[in-house]
Amino acid sequence: QVQLVESGGGLVQPGGSLRLSCAASGFTLSGYTMSWYRQAPGEERELVASITNTGTYKNYADSVKGRFTISRDNAKNTVYLQMNSLKPEDTAVYFCHVPRKAYWGQGTQVTISS
């Protein structure tokens, strides 16, 4: 059974940091580009960052460039999203996604508020 399990979300103050993890089971993610998406209330789901299977290439939404870093540890079958200098507009549910397989995790809530 394929599962993507996100963790690491929470409530932090503006300017704070969080590190999200996406642990895969039931398949090996090393062969796939992985992505993080987010969805704020009343908004469409948007791409935040992607990383190719070897980690060579990464891309980011303009809104998070310079603040977020996507990475992966294929040995641990896990993808990460390091989020720094968080802003209230980063508040959303964050999802892990495997584009080629259309796999989605259940999401983890990130709330930025003072």
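Everything quoted here is computed from the prediction, not taken from an experiment. (Residues numbered from 1 in each chain as written. Predicted model: local features only at pLDDT ≥ 70, side-chain atom pairs only at ≥ 80, totals over all residues. Heavy atoms only, no water.)

Draft legend 1. Representation of the pairing of strand β11 (residues 108-112) in the model. Judged by which residues are buried, β11 turns out to be one-sided: Thr108, Val110 and Ile112 face inward and are buried, whereas Gln109 and Thr111, on the alternate face, are not. In this structure, strand β9 (residues 92-98) lies alongside β11, joined through three bridges in antiparallel fashion. From the neighbouring strand, valine 93 faces β11, where its bridge partner is glutamine 109. (Buried < 20%, exposed > 50% of the residue type's maximum accessible area, 1.4 Å probe, protein only. Helix = DSSP H or I, 4+ residues; strand = E, 2+ residues; numbered from the N terminus. Pairing = 2+ DSSP bridges.)

Draft legend 2. Looking closely at unusual backbone geometry. Phi angles above zero are rare outside glycine, and serine 85 is one such case at about 50 degrees. Considering the arrangement of structural elements, one finds serine 85 in the loop between β8 (78-83) and β9. For serine 85, a relative accessible area of 41% puts it in the partly exposed group. Positive phi is not limited to glycine here, since alanine 102 has a value of about 55 degrees. Note on placement: alanine 102 falls in the loop between β9 and β10 (103-104). Alanine 102 sits in the exposed class, given a relative accessible area of 54%.

Draft legend 3. Expanded view of the pattern of salt bridges. Throughout the structure, instances matching the rule amount to four salt bridges. With a shortest N-O distance of 3.1 Å, lysine 65 and aspartate 62 are connected by a salt bridge. The exposure class assigned to aspartate 62 is exposed, which follows from its relative accessible area of 65%. Residue arginine 67 is joined to aspartate 90 by a salt bridge in which the shortest nitrogen-to-oxygen separation is 2.7 Å. One end of the pair, arginine 67, is in the loop between β6 (58-60) and β7 (68-73); the other, aspartate 90, is in the loop between β8 and β9, with 23 residues separating them in the sequence. (Salt bridge = Lys/Arg side-chain N within 4 Å of Asp/Glu carboxyl O.)

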